[in-house]
Amino acid sequence: MKNNKDMPVEEHSGPLMADVARLAGVAISTVSRALANPGRVNEKTRAKIDAAAKQLGYTPNAMARGLRVGKSSTVMIILPGSLYYGVSQVIPQVLQSINKALLQNGYTLMIANLGRDAESERHILDLAFGGTVRGVIILSSKLPEVDGRSLANAGLPIVSMLLDMSDAGVPSVVTNDREAVRDATAEMIGMGHRRFFYIAGPRGNYHDVERHAGALEALRDAGIPQDALSLSGGDLDYHEGFEIGIQAAADFARLEERPTAVIATSDDMAISFVSRIQQTGLRIPGDLSVVSFDGAPVCEFCFPPLSTIEQPFEEMGEIAVARLLDAIGQEGREWEPCVVIRSKLILRESMAPFKS
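Summarised in this report is the structure supplied together with it. Please read all numbers here as calculations on a predicted model, not as lab measurements. (Residues numbered from 1 in each chain as written. Predicted model: local features only at pLDDT ≥ 70, side-chain atom pairs only at ≥ 80, totals over all residues. Heavy atoms only, no water.)

**Topic: the sheet that holds strand β10 (residues 261-264)**
Consideration 1: Across the sheet, which stays open at both edges, the 6 strands sit in the order β9-β8-β10-β11-β12-β14 with mixed pairing between neighbours. Only two strands of the sheet have a single partner each, and these edge strands are β9 (229-233) and β14 (344-346). Each adjacent strand pair in this sheet contributes to an overall mean axis angle of 20 degrees, direction not counted.
Consideration 2: Strand contacts of helix α8 (residues 206-221): β8 (196-200), β9, β10 and β11 (289-294), with the helix running at about 170 degrees to β8, the strand carrying the most contacts. (Pairing = 2+ DSSP bridges. Helix = DSSP H or I, 4+ residues; strand = E, 2+ residues; numbered from the N terminus. Axes fitted to C-alpha atoms, helices over the stretch in contact; angles between N-to-C directions. Contact = heavy atoms within 4.5 Å.)

**A few points about the nonpolar core**
Consideration 1: Counting 27 residues, the largest nonpolar core has I77, V94, I98, I137, L139, M161 and L162 as its most contacted members.
Consideration 2: Every element with two or more residues in this core is listed here: β1 (74-79), α5 (90-104), β6 (158-161), α11 (313-328) and β13 (338-341).
Consideration 3: Discounting residues that sit within four places of it in the chain, I77 has contacts with V94, L95, I98, L109, M110, I111, A112, I137 and L139.
Consideration 4: In this structure, I189, L216, A218 and F293 belong to the second largest nonpolar core, which totals 22 residues. (Core = buried A, V, L, I, M, F, W, Y, C linked by side-chain atoms within 4.5 Å. Buried < 20%, exposed > 50% of the residue type's maximum accessible area, 1.4 Å probe, protein only.)

**Details of the pairing of β1**
Consideration 1: Of all 6 residues in β1, 6 are buried; the element is thus mostly enclosed.
Consideration 2: Relative to strand β2 (residues 108-113), β1 runs parallel, the two sharing 6 bridges. From the neighbouring strand, M76 faces β2, where its bridge partner is M110.
Consideration 3: Note that β1 and strand β3 (residues 135-138) share 4 bridges and pair parallel. Along β3, the bridge assignment pairs I78 with I138.

**Some points on the pattern of salt bridges**
Consideration 1: Summed over the entire model, instances satisfying the criterion amount to 16 salt bridges.
Consideration 2: Note that D177 is salt-bridged to R211, the shortest N-O span being 2.7 Å. Note that D177 is positioned in helix α7 (residues 177-190) and R211 in helix α8, a separation of 34 residues in sequence. For the pair D177 and R211, one class covers both residues: buried.
Consideration 3: For the salt bridge of E179 with R342, the shortest nitrogen-to-oxygen distance reads 2.8 Å. Pair noted here: E179 is in helix α7 and R342 is in the loop between β13 and β14, with a separation of 163 residues, a long-range link.
Consideration 4: On the accessibility criterion, E179 (28% relative accessible area) is partly exposed.
Consideration 5: Among the charged side chains, a network of salt bridges with common partners joins R178, R182, D183, E210 and E217. (Salt bridge = Lys/Arg side-chain N within 4 Å of Asp/Glu carboxyl O.)

**Topic: the packing of aromatic side chains**
Consideration 1: If you walk through the whole model with that rule in mind, you get 3 aromatic pairs.
Consideration 2: Where F197 meets F252, the ring centres are 5.3 Å apart and the plane angle is 80 degrees; that geometry is what we call edge-to-face. Within this pair, whereas F197 is found in strand β8, its partner F252 is found in helix α9 (residues 241-253), the two being separated by 55 residues in sequence.
Consideration 3: Residue F197 is classed as buried on the basis of its relative accessible area, which comes to 1%.
Consideration 4: On the basis of relative accessibility, which here comes to 2%, the residue F252 falls in the buried class.
Consideration 5: Connected via pairs of aromatic rings, a cluster forms that spans F197, F252 and F273.
Consideration 6: Lying across the ring of F293, R211 places its NZ or CZ 3.7 Å from the centre. (Phe/Tyr/Trp six-rings, centres within 6.5 Å; stacked < 30°, edge-to-face > 60°. Lys NZ or Arg CZ within 6 Å of the ring centre and 35° of its normal.)

**A look at α8**
Consideration 1: With 16 residues, α8 should reach 22 Å at 1.5 Å per residue; the first-to-last C-alpha distance of 23 Å fits that figure.
Consideration 2: Burial in α8 covers these residues: H207, D208, E210, R211, A213, G214, A215, L216, E217, A218 and L219.
Consideration 3: The opening residue of α8, the one whose side-chain oxygen lies 2.8 Å from the backbone nitrogen of H207, is N205.
Consideration 4: Phi turns positive one or two residues past the end of α8, at G223, with a value near 75 degrees. (Expected span 1.5 Å × (residues − 1). Polar contact = N/O pair within 3.5 Å; in protein donor to acceptor, adjacent residues only side chain to side chain.)

**Thoughts on the packing of helix α1 (residues 17-24) against helix α3 (residues 43-56)**
How two helices sit against one another is set out by the angle between their axes and by the gap between those axes.
Consideration 1: Axis separation between α1 and α3 bottoms out at 9 Å; the angle between their running directions is 125 degrees. As far as their axial angle goes, α3 and α1 are oblique. For the pair α1 and α3, the sense of crossing is right-handed. Residues D19, V20, L23 and A24 of α1 lie in contact with α3, whose contacting residues are K48, I49, A52, A53, Q55 and L56.
Consideration 2: Split by residue class, the contact of α1 with α3 holds 7 nonpolar, 1 polar and 2 charged. (Parallel < 35°, antiparallel > 145°, perpendicular 65-115°, else oblique. Left-handed = near helix turned anticlockwise from the far one by under 90°. Nonpolar A, V, L, I, M, F, W, Y, C, P; charged D, E, K, R; others polar.)

And the structure:
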């Protein structure tokens, strides 16, 4: 049997971190620390590691820039939970738009999930205070805070996307939730509908507050009493949209006076609601018109094709990144505390004029 020294040496596609450490005359752990937390390595050592890495062709360009200036070129995005958000794919679309804009500017994206526990908040804060990231884009309604530390005090530029946190001093990039739902509801009113069924997201959530207010404003503007809007949902989060829609179908079946128009605050809710409602024999849009929110591509291929309010994810991502990078570079460009990008109502066969 051959001993280890007789075994063939494994081939690698490029230089290893150990090669960089050997050429720079430092420990591998020092190279690792310089890559992950440049601020924790002194300038002279960083320069040696940078020179060795460039000579060997080890370090990606974005990381090399970080080593030269002693600052990270990584931006962290903080998600409120799971990457999976049903067929709406809200989070993946957001990530795609932000990642594309960051790459075009020489930055890389780090994803952090903010769970409902102190450990996830502690991990995020360790990254923020440890110099691993250069800035933060947050999709959660609250900044991580634990053990007396808060992301607000990490000395990092922060931008909120999808949720307006400008009142808390966090620059924000959002869509016009309230106005978009108001316009969609007004479109249904213009079609002759006078009784509505609203499928809600989690009670007190920023999006649900804004969207519900938009529906009520449309009723008020048309002189229709608020009790013409029946409510369902409010207890589950948006990522449980399919379950919310199923429960809403059961709630709808129990109503004595049936609405003729439905406003679902996510595509997932609308898709599962429509599926269950059609199983009861009701026709869409013959008996019931439906509109939803998010603009998932799958809505076009539902039966019937689903009218939806399409969120401008790509444009919001570009603006959020531009705003963050301006703050990182201290460009001094003037921004509104909250930038609002308009959504678009896409009319399809799920909405039709009321027939008495």
